[in-house]
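What the coordinates show
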Amino acid sequence: MMDMSIALPKGRLLDKSLEYLRQADLDLKVKKNRELVQNINRNKLVLSKPSDVPVYVEHGIDIGIAGSDVLEERKSEVFVPLELDFGKCRLSVAVPEENEVDIDDFEGYTIATEYPNLTSDFFEEKGISVDTIRLDGSVEVAPRIGIADAIVDIVETGRTLKANDLVEIEKIMDVSALFMVNRISQKVRFEEINELVEKLKEV
Ligand code: PRP
């Protein structure tokens, strides 16, 4: 595969993403020198914030890998041919242990989250009105310092919640890594991309 642009998330999904692509015969030897756009074997790799991967793919990068959480939050117009078998976790609502209330009692609550759109959608659906405070990570801090009543965040093992005296009270959605394709690339480079998708399916 050549002259393909690929957006991958910096952070915890990067190594797994590279491993998957390598097993599908797309071997990207990444330079760990903080260079964010790297030319590797005539392909162009873009290392981005996880939440920006769908945005890059929507705006012209050919393919990318990111969590379904960020895609749903950004509502980017991309084609998703494949859910990948890693990055499994969930997006959940959590509250301080000492104030474990039911979700139906959230009326008027302030919720800290990196996912204000998904949070609003979830509570709107339930007919409960809440305020959201958007933070860029470490949202567990917000209830502890008294600026939010609850959080909506990713839970994998539950260790982070526990360490911060929070309890999960409801799951909003299951999350998984997704393989995304730019809508135009999907048409123009159908054969190559389809071949890669088929190989990824076998990984
Ligand atoms: C995520 C998430 C939680 C944690 C959950 O953060 O925001 O903080 O992982 O994992 P656990 O249930 O296994 O403890 P991440 O480390 O990806 O960084 P972030 O806080 O910048 O989002």
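All of the points below concern the structure found in this document. Note that the structure is a prediction, hence the values are computed from the model and not measured. (Residues numbered from 1 in each chain as written. Predicted model: local features only at pLDDT ≥ 70, side-chain atom pairs only at ≥ 80, totals over all residues. Heavy atoms only, no water.)

Quick word on the site of the ligand
Every residue lining the ligand is accounted for by Arg 12, Glu 114, Ser 138, Glu 140, Asp 153, Ile 154, Val 155, Glu 156, Thr 157, Gly 158, Arg 159 and Thr 160. Here Arg 12 contributes a side-chain N or O atom positioned 2.7 Å from an oxygen atom of the ligand. Between Glu 156 and the ligand, the recorded distance is 2.8 Å, taken from a backbone N or O atom to an oxygen atom. Contact with the protein chains removes 69% of the 500 Å² of surface that the ligand exposes when unbound. With respect to the detected pockets, the ligand is housed in the largest pocket. Elements supplying a minimum of two residues to the shell around the ligand: strand S9 (150-155) and helix H6 (159-163). Tallying contributions element by element places S9 first for the shell around the ligand, with 3 residues. Classifying every residue of the shell around the ligand gives 2 nonpolar, 4 polar and 6 charged. (Near = heavy atom within 4 Å. Polar contact = N/O pair within 3.5 Å; in protein donor to acceptor, adjacent residues only side chain to side chain. Areas by Shrake-Rupley, 256 points an atom, 1.4 Å probe, with all protein chains shown as cover. 1 Å grid on protein atoms, 1.4 Å probe; cavity = no way out; pocket = protein on both sides within 12 Å on 5 of 7 lines; lining within 4 Å. Sits in = over half its atoms within 2 Å of the grid points. Helix = DSSP H or I, 4+ residues; strand = E, 2+ residues; numbered from the N terminus. Nonpolar A, V, L, I, M, F, W, Y, C, P; charged D, E, K, R; others polar.)

Concerning the pattern of salt bridges
On inspection of all chains with the given rule, the structure shows 21 salt bridges. The residue Lys 88 makes a salt bridge to Glu 83 at a minimum N-O spacing of 3.1 Å. Residue class for Lys 88 comes out partly exposed when judged on its relative accessible area of 40%. Between Lys 88 and Asp 85 there is a salt bridge, and its shortest N-O distance comes to 4.0 Å. In this structure Asp 85 comes out as exposed when scored by relative accessible area, which is 58%. (Salt bridge = Lys/Arg side-chain N within 4 Å of Asp/Glu carboxyl O. Buried < 20%, exposed > 50% of the residue type's maximum accessible area, 1.4 Å probe, protein only.)

Any functional reading would require information beyond the geometric quantities listed.
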